[in-house]
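Fold and contact review
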Amino acid sequence: MTKKIHLLCIALMMLVMGARADEGMWLPYSINGQNLADMQRLGCKLTAEQIFSFNQPSLKDAIVQFGGGCTGELISPEGLLLTNHHCGLGQVQAHSSVEHDYLQEGFWARSKDQELPNEGLTVSFLAYIEDVTTAVLKGVTDNMSEVDRASKIAENSKKLSIERKGKRDVKVEIVPFYHGNQYILFEYDVYKDVRLVACPPWGIGKFGADTDNWTWPRHKGDFCIFRVYTAPDGSPAEYSKNNVPMKSKHFLPISLKGVQPGDYTMILGYPGSTDRYSSSGAVKNVIDLEGPAIVACRTTKLEQYRKHMDADPAVFIQYASKQAGVSNYWKYYIGQVKQLQQNKVYEKRLAQEQDFRKWMSQNAERQKEYNGIFEEFDNYWNHQEKYTKALIYSREAGWRGGEAVAFATRFMRLNNTINQKAASADQIKKIAQSMKESVKDFFKDYNKELDRDVTIALLNLYYKDVNPNQLPATIKKVGDKTGGDFTAFVNSAFAKSVFVDESKLNAWLDNPKSLSKDPIYALMYDIVQTYLVLDQVSESVSESHAERLYMKGLMEMQKDRNFYPDANFTMRLTYGNVQDCEPRDAVTYNYYTTLDGVMAKYVPGNWEFDVPQELIKLWENKDYGRYADKNGDLVVNFITTNDITGGNSGSPVIDAQGNLIGLAFDGNWEAMSGDISFEQQVQRTICMDMRYLLFIIDKMANAQNLMQELKIVQ
């Protein structure tokens, strides 16, 4: 370990003293000390160097950022990569058709030449980190405005990133921690040839769908398998037939041992975002405004999706991934608002702030440093209260609502160029031709009738729910005239616009003229401009200064508290154990589920609860082979006390010896407030048992080519 990394570890270790085992998304390069002692007390047999090292292969070398928001892990010497089904769903859907319905039937490459490339899909391996706080804050002073401070930090960060990257083909990011009190540089090797190898049928990978989402008990085989390819010399490369499977620096053996209550569990991954040190005003905003607004818009969209998807198998294929993306955080926000209220998180934050005020008042220097931060918080959230709902509706029901409206945003640059008198015909033509591939991609999975119904429903909702003074002029004018019924307006727009007809849009690209009179483009432009004005006014008041000082003060006031940093899509380690759950009075959930539970939920022909006939036959014969537990049952899912959030999807659940025992894929309903407040008694991570993975690959799919690649341990 380099001297810089060693110093970083020492600095960060000071923040983790006295940590409780299951709460915390820890920086894995700082686990020497109290964290490691806690892990070993729980049963971990690994050293810090075996978990995270730049000097020798370690667990971190098997962990990747998968795509734009998930985690994956290597499970073979040849770059075989495991992640969640819902993380790979977009790629599976892109390769599917009515003739080759990989969504419903699954996909299994029987040899490497059958593996399918995925344009735009990347995986990133962490290669280097460094604390750059001093360099990032060089020239930053306490008397700077927040705008000037942000500008100076951006300037310093850009310079450091350029210096670190040089001419190498790597990704460099400088990420703030603890609300801007610390900055760390991360360097990644990015691999761009990632091929689909296998996915189970819908009735396994998506079993339970929306009904079971974010709940326990679960019965889902939520996995998808890819392979990372490199240039012949082992370096990252764009897709090529000459590329070869990656030679894994480290990969995870898969354990057949199974899990028991109290077993040690460790998760490494890339959690996306938490806000556990926020003010009471932030919590109140989520409960009263943000959550309900998102739920209302997405409920409306999902109603139209289901109507069309249930009526036509081709539409189901086109919209499976889109529907899942909309639905996931629709249900998340329903649960989050409910559990924030149930767990009294707002009241807890108010009490913490009262303690802070008392602590601050006990010392003149503290009063001088922290005076005024709660007034800043109050001013900010009172200001945001006026704009939150309108901003969310303009996004969720407006320029990202209907697909054609959303797609039109991609043409703003081209239209602006056309409207510039100084622009040459060659400039315009070059931009127009570059758009053709995106047009092809858009219409591949586009259904005009569905989009028309979605757009009508969302605009009706937009007009009804938002303050008239904050509506785009077009929506207010049409709504006032029609009593809030946008049916005729949308029908007319769809009849005239180029954005709902592939041939019309391609013809326009061959001879582009101003889009300003296209009804969908004009609607989109009006919504976007209104959004930008509202956003600018909203952001004219900031809480960043108060957030930064409050975070600093909390860490000073509560020296024994486990101040791990909020998640920000950087690699984190969590540790805990397998444990059942008692979420409320007289309710106890066992720590695992079995295939018997799958069949108890089975509903033939139901899009959420149907299962493949091959699985039914194996269940009827109890043909589980070596994957059965000691009672002869096939375990499907289990729960642990690990601390995860979105972005951890696809993260490995690792045992005390460093073997893969599970695949994390969800959290539980009773702890949906967990991104804002960790709920010690009820928060659980829902995992797929690796024995179920092996059972599906081996017994159901008979994919022996994959079985031969894996290292399986007892």
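Details of the structure are given in the entry above.
Now for a quick tour of the structure. Source: prediction; values computed, not measured.

**Focus: the pairing of strand 9 (residues 193-199)**
Sheet faces and side chains relate simply in a regular strand, where the side chains alternate between the two faces. The buried count for strand 9 comes to seven of seven residues, which makes it a mostly enclosed element. The pairing of strand 4 (residues 107-108) with strand 9 spans two bridges and is antiparallel. Considered in strand 9, the bridge of W108 is made with A198. In this sheet, strand 9 lies alongside strand 5 (residues 116-117) in antiparallel orientation, the contact comprising two bridges. If you follow L116 over to strand 9, its bridge partner there is L196. Sheet topology places strand 9 next to strand 10 (residues 224-230); five bridges connect them, and they run antiparallel.

**Quick look at the packing of helix 17 (residues 412-419) against helix 18 (residues 425-434)**
Two numbers describe how helix 17 lies on helix 18: the axes approach to 10 Å, and their chain directions differ by 165 degrees. Here helix 18 runs roughly antiparallel to helix 17, going by the angle between their axes. Helix 17 and helix 18 meet at a crossing whose hand is left-handed. Here R413, L414, T417 and I418 of helix 17 lie close against helix 18, whose contacting residues are I428, I431 and A432.

**A look at the pattern of salt bridges**
Under the defined criterion, the tally for this structure stands at 31 salt bridges. As a salt-bridge pair, K436 and D510 come within 2.6 Å of each other at their nearest N and O atoms. Residue K436 is found in helix 19 (residues 436-444), and its partner D510 is found in helix 23 (residues 502-510); the two are separated by 74 residues along the sequence.

**Points about the environment of I51**
Assignment of secondary structure puts I51 in helix 3 (residues 48-51). For I51, a relative accessible area of 0% corresponds to the buried category. Beyond its immediate stretch of four places on either side in the chain, I51 contacts I31, M39, L46, S58, L59, K60, M266 and L573.

**Points about helix 25 (residues 544-557)**
End to end, helix 25 covers 20 Å across 14 residues, agreeing with the expected 20 Å (1.5 Å per residue, within 8%). The complete set of buried residues in helix 25 reads A546, R548, L549, Y550, M551, G553, L554, M555 and M557. Buried residues in helix 25 make contact with helix 7 (146-165), helix 12 (345-361), helix 13 (364-370) and helix 14 (373-384).

**Side note on the pairing of strand 8 (residues 182-191)**
Most of strand 8 is tucked away, with nine of its ten residues classed as buried. Note: strand 6 (residues 123-131) against strand 8, eight bridges, orientation antiparallel. When the bridges of strand 8 are listed, D131 appears paired with I184. Taking the residues between adjacent antiparallel strands as the criterion, strand 7 (residues 171-177) and strand 8 are bridged by four residues, where Y178 takes a positive phi near 50 degrees.

**Looking at the packing of aromatic side chains**
Counted according to the given criterion, the structure contains 47 aromatic pairs. Taking the centre distance of 5.2 Å and the plane angle of 80 degrees together, the rings of F52 and F54 count as edge-to-face. Three or more aromatic residues joined by ring pairs form one cluster here, namely F407, F411, F442, F443, Y446, F499, W508, Y521 and Y525. Note that K171 overlies the ring of Y188, its terminal NZ or CZ placed 5.0 Å from the centroid. Lying over the aromatic face of Y319, K322 brings its terminal NZ or CZ to 4.1 Å of the ring centre.

The rules we used
Residues numbered from 1 in each chain as written. Predicted model: local features only at pLDDT ≥ 70, side-chain atom pairs only at ≥ 80, totals over all residues. Heavy atoms only, no water. Buried < 20%, exposed > 50% of the residue type's maximum accessible area, 1.4 Å probe, protein only. Helix = DSSP H or I, 4+ residues; strand = E, 2+ residues; numbered from the N terminus. Pairing = 2+ DSSP bridges. Axes fitted to C-alpha atoms, helices over the stretch in contact; angles between N-to-C directions. Parallel < 35°, antiparallel > 145°, perpendicular 65-115°, else oblique. Left-handed = near helix turned anticlockwise from the far one by under 90°. Contact = heavy atoms within 4.5 Å. Salt bridge = Lys/Arg side-chain N within 4 Å of Asp/Glu carboxyl O. Expected span 1.5 Å × (residues − 1). Phe/Tyr/Trp six-rings, centres within 6.5 Å; stacked < 30°, edge-to-face > 60°. Lys NZ or Arg CZ within 6 Å of the ring centre and 35° of its normal.

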